[in-house]
Amino acid sequence: MLQTVTDACQFKQEALDYALSKQVEDLGDLVHNDEADAREFFERTYVTDGMTQLLRQGLQRLAGFNDQAVFELRQAMGGGKTHSMLALGYLAAHPKVAGAVSARVTEGFTPQPAKVVIVSGRNIDHDRFLWGTIAEQLGKGDEFSRFWSNGARAPNEDDWVKLIGNDPVLMLFDELPPYLDNAVTVTVGSGNLGDVTSAALSNLFSAAIKLPQLCIVLSTLSGQYKASTELSRIVSQITNEARRQAKPITPVELGSDEIYHILRKRLLAREPAQAVIESVSEEFGRVLSDAVKSKTLERSAEKIADEVAATYPFHPSLKTVVATFKDNEGFRQTRGLMTIAALMIKSVQKRKTNDVYLIGPQHLDLSDRTIRDWINGIYDLDAAISVDIVDTGSSDAHAELIDADAGNDAAGQVSRLLLMSSLAESSDAVKGLQSTDVLSFLVAPLRSESDYVAAIEALTARCWYLHKRDNGAWYFSKNENLTKKIENLAKNAPAHKIDQDLARRIDDIFTTRRRAAYGRVLALPKVEDVNIRGDRALIVLSPDAKIPPEKAQQLFAATAERNNFAIVSGEGIDLASVEERLRMAYAIAKVLDQEGPASQNRPDLEARQADAELDVYQTIASTLNKIWYPGRDSSGERLLGATLKLDNFRREGSAGYDGETAVENALSATGTRKLILDVEKNFEMLADRAEAELWPSGRSSTTWADLCDRAMANVRWLWLPRNGLDELRRIAISRQKWRENGAGGIEKGPFEKEKTSVGVTETTYDEQTGTATLNVLPRNAGRRGRIYWSKTADVSPSSNRLEGTRLDTSEMRLHFVAIDPDAEHETGEVFVWTNRLNLTHDPRPAGTGYEVHLSVVPSGQIRWNTDAIAPRDGALYGGPIRLEGDKDVTIYAYAEADGVTTTREFRIARREGDGAKIDLSRPGRVRRQININTTDKVFAAVAAAKESRARFRNVMVTVGTGGRAVSTHFGPDFDVSAETI
């Protein structure tokens, strides 16, 4: 079974308490110490690589085996410098202990005991100064009295050599800046005590080269204290002189795994068996690998598991997080890390659930005021903690609310981890973590990564102090973010604007284009203002506690046209949640406008706006989930309900819904079937139902207006698309189920069967011969109707029978009759078809004049004159008419055949030269039949006709070929333009 940290590890409670104290280490501990003190010191000390280097080379120098005399410990405050000096001091005084510390320290030489001189800037004798303090500790105070008894004077190099001699001496200099800060205020000659001290140290460093067993260790002076200009000058002088001689050493590499060794050495009383650590490492490897496979994490995250063996019981992320703020002024690095580790351990020990397998920053208990104050001491983010992470007052912070909803502590862990990565005080420091880093640091055994993914999404959407860097990293700041600004605007959004926006969105969702289920939308109206007459209405009402909503029931009871509206609402959920989301969308749009197009926040705001819009519509869809329509069931006439599934009908490429289709789907579904979309397909059922529900009882006729009124009032009548009732009437009349009886009346059958009739259409006419092509069809003659024809009026079944539907004829008059061979339809009237006469002229030059030839087809007698007086009484045409050609002449001609007549005027221009005169002001006419039978020729002819504005008569247009063709015919009395063709 996988063991938790509290099960597997035993911590030193006294060490934890010490780590939570000021952890002040003092070189004074080296005064009056013994070998037991030295051994106890190293029992709680992890010897780092930097410390090993210092111990080995320092002891070598004291034994006379190393030319390096001066060492500078470079690290920020609290970085292990004093601890490293103490370590060298203990071994210099008790070299026997060195072998027990590490074989690497003494390999190849034997350490020698040395005199240890401690110089702490906080304890230098004010009267004897720094050099007098050193002389006193060497037991030679009198030898240096001349350098202080009459005022401060700096010993020179020879003075130092004589004082120290050839004995092994270790000098440890720590915390000099506080002393120097005071020294620069003490006037000495033309300078100050700081100048004298600088000269003394410079001479000491120079003398060290000549003293083979003198070792000097100096804690770095740079960047440790806020310095005045004068102090900075002195510190710079000493530092520059020291670095001419000194070798730099970093006691602790905070970016390495050394920090974990230090923590284990200091804080653990007993480490768990290696098998326990390996099992934890393997389990973390498994869950990280699973997260990589599920695409939650990138493959690089799997490397974390490889580090667990070195960092246990702490999570490998600890050093990454601490590195973000380790350079804060005032943060004592190693000591600070020790305190953080102790706080994390204490927090884990207090957890209600024993579920921590690796300790990390996410486990810090920020509800503990002591822990919270310590964290704020690194960088004060108390406002962010109170609002977004944990609130110890009466209200809950955002992370607490998110965790309460989710039933876990994922948001709390995410927010604590992000807080600890946000403590860097420099404005240009690396702050925060990217989402993938957060997940890789938090994924753990028996925890679902989806919990953390959801927590990140919720926190980034709701926190007020959480910001996002350009690289995608999230961090907490002292400043409020856009979320806070948006929430304030949302809270104070004008109510009337929210109401207007909601009504607008509802109108947009349910806007009707097909007008099949309804013709108009009334969004959140006052019931008393609703007028049900007119187009069928879709009324959207806010849900209430009643089903259907109380206002809907009131409207149904109060109106006569109760079959002319539907209600969209919901079951028990009011629109308050929709309004809340509308306020958020309104606020985001407002901020987006305020920020302007060049704002660096624009991408974030646009993403928020898209999410807010989607949230608004999703909430509308979940709230408006019911449609009530008029109907009748066992309880009587009332509003019946059907489920409205807006979410199934999203609009392509937008956040909204196609409400019209959703309503149509709900009302035409099998269980509802209030709406019939296809009138022709359901004609028989609709016609029968209309006769039963919309006609007055016991009557076969009514007015169409009354029938329409009853359709709006009778809840048993089904709904049809717009003009669907008119379409039903048209189909019923065409199928002789209904018929109009004048003055807006409508009558339902059954009716007597109509008599037969004949339909004749002239498809073509040859003007050269007078031959017409007729299309003849029987009507009301049953399935086997027959056509008989004759030249005389006594047409009967004994006359010529038309085979097919086409007849070519040049007769002036034909008689047709339709016969039903099954005798279901009585024989109707004879149809008489009459041909037409085509009267033409042909002027031919004859001498100086013309001979005008007249002709008529298919046959007939012609009369004519030139005075326009009753041409039917003119001269009988017997041959060409002779004209002199000296003037314009109009011939008025009349033709008659079998009672069919026609009259024409022919204008003959006078002769000019050898040819006829062309009148360019009059239109030309081509009297011949043309047949254009390919697509390219048709379009070429149409284009030419458009250009010349030509008109055609007796046109037949055919689309398609063979049995898959459609023809349209324009008769000879219509002028057809190219555009029409």
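For every chain, the first residue of its written sequence is number 1, and the numbers climb from 1 along that sequence. The model is predicted, so local features are restricted to residues of pLDDT at least 70 and side-chain atom pairs to those at 80 or more, both for listing and for counting; the totals for chains, interfaces and linings are taken over all residues. Side-chain numbers here rest on the full set of heavy atoms in the structure, without hydrogens or water.

1. With respect to the pattern of salt bridges
Move 1: We define a salt bridge as a contact between a side-chain nitrogen of Lys or Arg and a carboxyl oxygen of Asp or Glu at a distance within 4 Å. Evaluated as defined, the whole model comprises 61 salt bridges.
Move 2: Taking the shortest distance from any N to any O, the salt bridge between R74 and E72 comes out at 2.8 Å.
Move 3: Under the relative-accessibility criterion, R74 is labelled partly exposed at 30%.
Move 4: Ionic pairing is found between K737 and D688, a salt bridge with its closest N-O pair at 3.4 Å. Remark: D688 occurs in helix α30 (residues 683–693) and K737 occurs in the loop between α32 (724–734) and β18 (738–740); sequence separation between them is 49 residues.
Move 5: Residue classification places K737 among the partly exposed positions, given a relative accessible area of 22%.
Move 6: Connected through salt bridges with shared partners, the residues R351, D355, D409 and R447 form a single ionic network. Burial status follows relative accessibility: with a 1.4 Å probe on protein chains alone, a residue under 20% of its type maximum counts as buried, one over 50% as exposed, and anything between as partly exposed. Helix and strand assignments follow DSSP, with helices taken as H or I runs no shorter than four residues and strands as E runs no shorter than two, numbered in order from the N terminus.

2. Things to note about the pairing of strand β2 (residues 70–73)
Move 1: Burial along β2 is two-sided: V70 and E72 and F71 and L73, pointing in opposite directions, are all buried.
Move 2: With four bridges joining them, β2 and strand β7 (residues 214–219) adopt parallel strand pairing. Looking across to β7, one finds that L73 is bridged to S219.
Move 3: Note: β2 against strand β8 (residues 246–249), four bridges, orientation parallel. Across the sheet, residue E72 finds its bridge partner in β8, namely P248. Pairing between strands is defined by DSSP: at least two bridges between them are needed.

3. Regarding the environment of V857
Move 1: Summarising the element assignment, V857 is placed in strand β28 (residues 849–857).
Move 2: C-alpha of V857 to C-alpha of T296: the two residues are 561 residues apart in sequence and 92 Å apart in space.
Move 3: Note on definitions: a residue-residue contact is assigned when non-hydrogen atoms from the two residues lie within 4.5 Å. In this structure V857 touches Y765, E767, Q768, T769, G770, R836, L837 and N838, once residues within four positions along its chain are discounted.

4. Digging into the sheet that holds strand β30 (residues 875–876)
Move 1: Here four strands make up an open sheet; going across it, the order is β30-β29-β32-β33 and the pairing antiparallel. Only two strands of the sheet have a single partner each, and these edge strands are β30 and β33 (900–908).
Move 2: Relative to strand β32 (residues 889–897), strand β29 (residues 861–865) runs antiparallel, the two sharing five bridges. Its bridge partner lying in β32, R863 is registered against Y894.

5. Overview of the packing of helix α20 (residues 398–406) against helix α23 (residues 449–462)
Move 1: The angle between two axes is taken between their N-to-C directions and runs from 0 to 180 degrees, where each axis is a line fitted to C-alpha atoms and a helix contributes only its stretch in contact. Following both chains from N to C, one finds α20 and α23 inclined at 140°, their axes separated by 10 Å at the closest point. Taken as axis vectors, α20 and α23 run oblique relative to one another. At the point where α20 passes α23, the crossing takes the right-handed sense. Here H398, A399, L401, I402 and D405 of α20 come into contact with α23, specifically with A458, L459 and R462. Between 65 and 115 degrees an angle is taken as roughly perpendicular, under 35 as roughly parallel, over 145 as roughly antiparallel, and anywhere else as oblique. In this scheme, a crossing is called left-handed if the near helix is turned counterclockwise away from the far one by less than a right angle; it is called right-handed if the turn is clockwise.

6. Observations concerning the packing of aromatic side chains
Within a pair of aromatic rings, the relevant descriptors are the distance that separates the centres and the angle that separates the planes.
Move 1: Any Phe, Tyr or Trp ring, taking Trp's six-membered ring, that has another such ring centre within 6.5 Å forms a pair; planes under 30 degrees apart are called stacked, those over 60 apart edge-to-face, and the others tilted. Applying the stated rule across the entire model yields eight aromatic pairs.
Move 2: Aromatic side chains Y617 and Y657 sit 6.3 Å apart centroid to centroid with 70° between the ring planes, which places their arrangement in the edge-to-face category. On the criterion of sequence distance, the pair formed by Y617 in helix α28 (residues 602–623) and Y657 in the loop between β16 (636–643) and α29 (659–668) is long-range, its members being 40 residues apart.
Move 3: Residue Y657 is classed as buried on the basis of its relative accessible area, which comes to 0%.
Move 4: Among the aromatic residues, those joined into a ring-pair cluster are F41, F42 and Y90.
Move 5: Definition used: whenever NZ (Lys) or CZ (Arg) falls within 6 Å of the ring centre and also within 35 degrees of the ring normal, the charge is taken to sit over that ring. Looking at R836, its charged tip hangs above the ring of Y765, at a distance of 3.5 Å from the centre.
Move 6: Above the face of the Y850 ring, R911 is positioned so that its terminal group lies 5.6 Å from the ring centre.

7. Observations concerning helix α17 (residues 333–350)
Move 1: By this rule, a helix spans an expected 1.5 Å times one less than how many residues it contains. Relative to the 26 Å expected for 18 residues at 1.5 Å per residue, α17 spans 26 Å between its end C-alpha atoms, a close match to the ideal helical length.
Move 2: Burial analysis of α17 places 14 of its 18 residues in the buried class, the great majority of the element.

8. Let's talk about the sheet that holds strand β19 (residues 745–748)
Move 1: A sheet is described by the order of its strands in space; here three strands give the open sequence β17-β19-β18, paired in antiparallel fashion. Each having just a single partner strand, β17 (701–703) and β18 make up the two edges of the open sheet. Going from strand to strand, the sheet's axes swing by 25° on average, the running direction of each strand aside.
Move 2: For β18 and β19, the ladder comprises three bridges, and the chain directions are antiparallel.

9. Section: the layout of surface pockets
Once rolled over the atoms, a probe with the size of a water molecule shows which space is left empty.
Move 1: A cavity, in this analysis, means grid points on a 1 Å lattice covering only the protein atoms where a 1.4 Å probe fits yet has no way out; a pocket is instead an open set bounded by protein on both sides within 12 Å along at least five of seven lines, and a residue lines either one if it has an atom within 4 Å of a point. Grid points are joined across faces, edges and corners, and a volume is the space filled by probe spheres set on the points. Approximately 1,600 Å³ is the volume attributed to the second largest pocket.
Move 2: Elements supplying a minimum of two residues to the lining of the second largest pocket: α23, β10 (466–468), β11 (474–476), α24 (482–491), α27 (576–595) and α28.
Move 3: Among the elements that line the lining of the second largest pocket, the one with the most residues is α28, at nine residues.
Move 4: Throughout this entry, Asp, Glu, Lys and Arg are counted as charged residues, while Ala, Val, Leu, Ile, Met, Phe, Trp, Tyr, Cys and Pro are counted as nonpolar. The remaining residues, Gly among them, count as polar. Its residues assigned to classes, the lining of the second largest pocket shows 14 nonpolar, twelve polar and 16 charged.

10. A short note on the pairing of strand β27 (residues 838–846)
Move 1: Bridging between β27 and β28 involves nine bridges; their strand directions are antiparallel. Across the sheet, the residue bridging to R844 is E851, located in β28.
Move 2: A loop of two residues connects β27 with β28, the two strands running antiparallel in sequence, and G847 in this loop sits at a positive phi of about 65°.

11. Section: the environment of G878
Move 1: With respect to the element layout, G878 can be found in the loop between β30 and β31 (881–883).
Move 2: Residue classification places G878 among the exposed positions, given a relative accessible area of 78%.
Move 3: Separated by 25 residues in sequence, G878 and H853 place their C-alpha atoms 9.7 Å apart.

12. Topic: the packing of α24 against α28
Move 1: Contact geometry for α24 and α28: axes closest at 12 Å, N-to-C directions at 50°. What the angle tells us is that α24 and α28 run oblique. Along this stretch, α24 crosses α28, giving a crossing that reads as right-handed. The segment α24 lies against α28, with L482, T483 and I486 engaging D604, L605 and R608.
Move 2: A class-by-class count of the residues in the contact of α24 with α28 yields three nonpolar, one polar and two charged.

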